[in-house]
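# Structural features, examined
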Amino acid sequence: MHFTVDGSEYARRTAVTIYHPVGTCKMGSEADPTAVVNPRGLVKGLKNLRVLDASIMPSIVRCVPPPRRAGKVRRLADIEG
């Protein structure tokens, strides 16, 4: 008997995360059509809504995300001060 496994299909069907997802909400300039939020954390196209969590980090960090996330939130809060 021979079984063929499509790795990408298997991953799509079975993959889950219990960790700290990052990079799901791209931060970029107003001119970047793929960015969800601007450099101040404001959601493009909406008023007074900010994203200030690990989703705006472009990639996973080498340490646990909560301290890095807290630093980013403080920095963005200082911008609006």
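Everything here concerns the structure above.
Residues numbered from 1 in each chain as written. Predicted model: local features only at pLDDT ≥ 70, side-chain atom pairs only at ≥ 80, totals over all residues. Heavy atoms only, no water.

### Describing the pattern of salt bridges
According to the stated counting rule, one finds one salt bridge in the structure shown. Across the pair Lys26 and Asp32 runs a salt bridge whose closest N-O atoms are separated by 2.9 Å. A residue is classified by how much of its surface remains accessible, and Asp32, at 16% relative accessible area, is buried. (Salt bridge = Lys/Arg side-chain N within 4 Å of Asp/Glu carboxyl O. Buried < 20%, exposed > 50% of the residue type's maximum accessible area, 1.4 Å probe, protein only.)

### Considerations on the nonpolar core
Membership of the largest hydrophobic core is limited to six residues, which are Cys25, Val37, Val43, Val51, Ile56 and Leu76. In this structure, Val37 is in contact with Cys25, Lys26, Met27, Gly28, Leu42, Val43, Lys44, Val51 and Ile56, ignoring residues within four places of it in sequence. (Core = buried A, V, L, I, M, F, W, Y, C linked by side-chain atoms within 4.5 Å. Contact = heavy atoms within 4.5 Å.)

### Regarding the side chain of Asn38
Of note, Asn38 is situated in the loop between α1 (7-14) and α2 (65-80). The exposure class assigned to Asn38 is buried, which follows from its relative accessible area of 8%. There is a polar contact of 2.8 Å between the side chain of Asn38 and the backbone nitrogen of Arg40. With residues near it in sequence (within four places) discarded, Asn38 still touches Met27, Gly28, Glu30 and Lys44. (Helix = DSSP H or I, 4+ residues; strand = E, 2+ residues; numbered from the N terminus. Polar contact = N/O pair within 3.5 Å; in protein donor to acceptor, adjacent residues only side chain to side chain.)

### What about unusual backbone geometry?
The residue Asn48 is not glycine, and still its phi comes out positive at about 60°. By the secondary structure assignment, Asn48 is in the loop between α1 and α2.

### Looking at the environment of Pro39
Relative to the helices and strands, Pro39 resides in the loop between α1 and α2. Between the C-alpha atoms of Pro39 and Met27, which are twelve residues apart in sequence, the distance is 6.1 Å. Beyond its immediate chain neighbours, meaning those up to four positions away, Pro39 contacts Met27, Gly28, Ser29 and Leu76.

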